[in-house]
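Spelled out, the chains give:
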Amino acid sequence: MPPAIEPEAVDRIALLGAGTIGASWAAHFLARGFAVSAHDPAPDGERRMRDYIARVWPMLEQLGLRPGADPDRVSFHADPAAAVRDAPFVQENAPERLEVKRELFAAAEPGLAPEAVVASSSSGLLVSDIQEGRAGPERYVLGHPFNPPHLIPLVEVVGGRRTDPAVVDWTVAFYNAHGKRAIRINKEVLAHVANRLQAAMWREAVHLVNEGVASVEDVDVAIAYGPGLRWAIMGPHLTFHLAGGEGGMRHYLEHLGPSKQVWWADLGQPELTPEVNAKLIAGVDAEARGRSPRELAAERDALLVALMRTLHNTREALARADEHPHEHGRELDR
Ligand SMILES: NC(=O)c1ccc[n+]([C@@H]2O[C@H](COP(=O)([O-])OP(=O)(O)OC[C@H]3O[C@@H](n4cnc5c(N)ncnc54)[C@H](O)[C@@H]3O)[C@@H](O)[C@H]2O)c1
């Protein structure tokens, strides 16, 4: 059974594991006005998490804070059972090893409220394996974020063999009510959905570099300055629906479907051998032109915030224009 509390009414969350992903989740929920209680066994875990929140807080201010948002509304607990006590929702972000997560859940269980939902951020483990041997296996779900969760809205939700479908529904509604964009995955697959799509794209990118068709930088430009711009707005299906003109997807499939099949048959199957790896490493070094990963990440995040603000404001203006067509021109001119 999902929590009796409505997903929109939740205002506190527990985090198990406060590293890269856990600290970013903390920042997200604090910015939404939540109280956050966290557990991480690393001796410097609390300091790292607080430093991270302080570093990203100005960016969250730019995106817009919710009432009650406060970077200090976070408590830290040595005992996982104390961290999860009274929290209707627990987000787990411990290292990606099944036995570590299982031990952590066993230690947290005595503190869990009877109807608390437990979501794992795991990139590759199956909920069906995680929930095995747990008290209340029906409460365990996947809540897989995209890094960094305080900026990227996507969360992938799927239940395991023993998850209550109502818990999956509740979890999707919970994330959507609190600034995330959740999708429901209907069956467990390795790497979920978004990472599979990324893997398919990157496989062909590596193939093109390895075959000498284009440089690492030019392959990156081909995405970031081309289809990537459209993909920030709509996915590949709706994009091709529009490529079919007035006839939409039906016309697109009749017209261009057969050629897509020929292209699919020609796509590469590269292997990450030492030689291929060396080409990729030299390629990104050239593309980075001396900028460190930290500098590049700061640039990416600044652009991401600008893009997300623009998308958010323009979507709102378009929705308002839909509701009040007579104000259409004026709204979008602002
Ligand atoms: N990094 C990503 O891009 C990314 C994206 C989506 C999902 N994930 C998933 O998020 C989870 C965490 O990954 P990460 O990148 O934050 O790793 P990380 O190494 O940055 O953080 C893991 C944290 O867990 C802590 N920890 C160690 N043992 C623990 C225990 N027994 N109980 C609680 N905490 C413990 C560590 O001290 C560390 O702070 C993984 O399941 C990973 O698959 C990662």
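For the structure, see preceding data.
For the structure given in this document, a descriptive report is provided here. All values reported here derive from a predicted model rather than from experimental measurement.

**Focus on empty space enclosed by the protein**
For the structure shown, the criterion picks out 1 cavity of 30 Å³ or more. Within this model, the largest cavity holds a volume of roughly 30 Å³. Forming the boundary of the largest cavity are Leu125, Leu126, Val127, Leu142, Val158, Glu188, Val189 and His192. Split by residue class, the lining of the largest cavity holds 6 nonpolar, 1 polar and 1 charged.

**Considerations on helix 6 (residues 165–177)**
The end-to-end C-alpha distance of helix 6 is 18 Å, a good match for the 18 Å that 13 residues give at a rise of 1.5 Å each. Regarding helix 6, the residues found buried are Val167, Val168, Trp170, Thr171, Val172, Phe174 and Tyr175. Taken together, the buried residues of helix 6 touch helix 1 (20–31), strand 4 (89–92), strand 5 (117–120), strand 6 (140–145), strand 7 (154–159) and strand 8 (181–184). For helix 6, the side-chain oxygen to backbone nitrogen distance between the N-cap and Ala166 is 2.8 Å, and the N-cap itself is Asp164.

**Structural notes on the pairing of strand 4**
Neither face of strand 4 is exposed, since Phe89 and Gln91 on one face and Val90 and Glu92 on the opposite face are all buried. Looking at chain direction, strand 1 (residues 12–16) and strand 4 are connected through 3 bridges and run parallel. Bridging across to strand 4, Leu15 finds its partner in Gln91. In this sheet, strand 5 lies alongside strand 4 in parallel orientation, the contact comprising 4 bridges. Within the sheet, the bridge partner assigned to Phe89 lies in strand 5 and is Val117.

**Side note on the environment of Ala107**
Inspection of the secondary structure assignment puts Ala107 in helix 4 (residues 98–108). A sequence separation of 197 residues divides Ala107 from Leu304, and the C-alpha atoms of the two residues are 38 Å apart. Filtering out sequence-adjacent residues up to four positions away, Ala107 remains in contact with Pro80 and Ala81.

**Comments concerning a nonpolar patch on the surface**
A surface patch of nonpolar side chains, amounting to about 230 Å² of accessible area, comprises Ile183, Val193 and Leu197. Note on placement: Val193 falls in the loop between strand 8 and helix 7 (194–210).

**Quick notes on the site of the ligand**
In the region of the ligand, 23 residues are neighbours, and Thr20, Asp40, Glu96, Lys101 and Ser123 sit closest. The side chain of Thr20 places a nitrogen or oxygen atom 2.7 Å from an oxygen atom of the ligand. Contacts to the ligand include Ser123, whose side-chain N or O atom sits 2.8 Å from an oxygen atom. In the complex, 73% of the free accessible area of the ligand, which totals 830 Å², lies under the protein chains. Per-element tally for the shell around the ligand: the top contributor is helix 4, with 3 residues.

Analysis parameters
- Residues numbered from 1 in each chain as written.
- Predicted model: local features only at pLDDT ≥ 70, side-chain atom pairs only at ≥ 80, totals over all residues.
- Heavy atoms only, no water.
- 1 Å grid on protein atoms, 1.4 Å probe; cavity = no way out; pocket = protein on both sides within 12 Å on 5 of 7 lines; lining within 4 Å.
- Points joined across faces, edges and corners; volume = space filled by probe spheres on them.
- Nonpolar A, V, L, I, M, F, W, Y, C, P; charged D, E, K, R; others polar.
- Helix = DSSP H or I, 4+ residues; strand = E, 2+ residues; numbered from the N terminus.
- Expected span 1.5 Å × (residues − 1).
- Buried < 20%, exposed > 50% of the residue type's maximum accessible area, 1.4 Å probe, protein only.
- Contact = heavy atoms within 4.5 Å.
- Polar contact = N/O pair within 3.5 Å; in protein donor to acceptor, adjacent residues only side chain to side chain.
- Pairing = 2+ DSSP bridges.
- Patch = residues over 30% accessible without salt bridge, like charges linked within 9 Å, V, L, I, M, F, W, Y side chains within 5 Å.
- Areas by Shrake-Rupley, 256 points an atom, 1.4 Å probe, with all protein chains shown as cover.
- Salt bridge = Lys/Arg side-chain N within 4 Å of Asp/Glu carboxyl O.
- Near = heavy atom within 4 Å.

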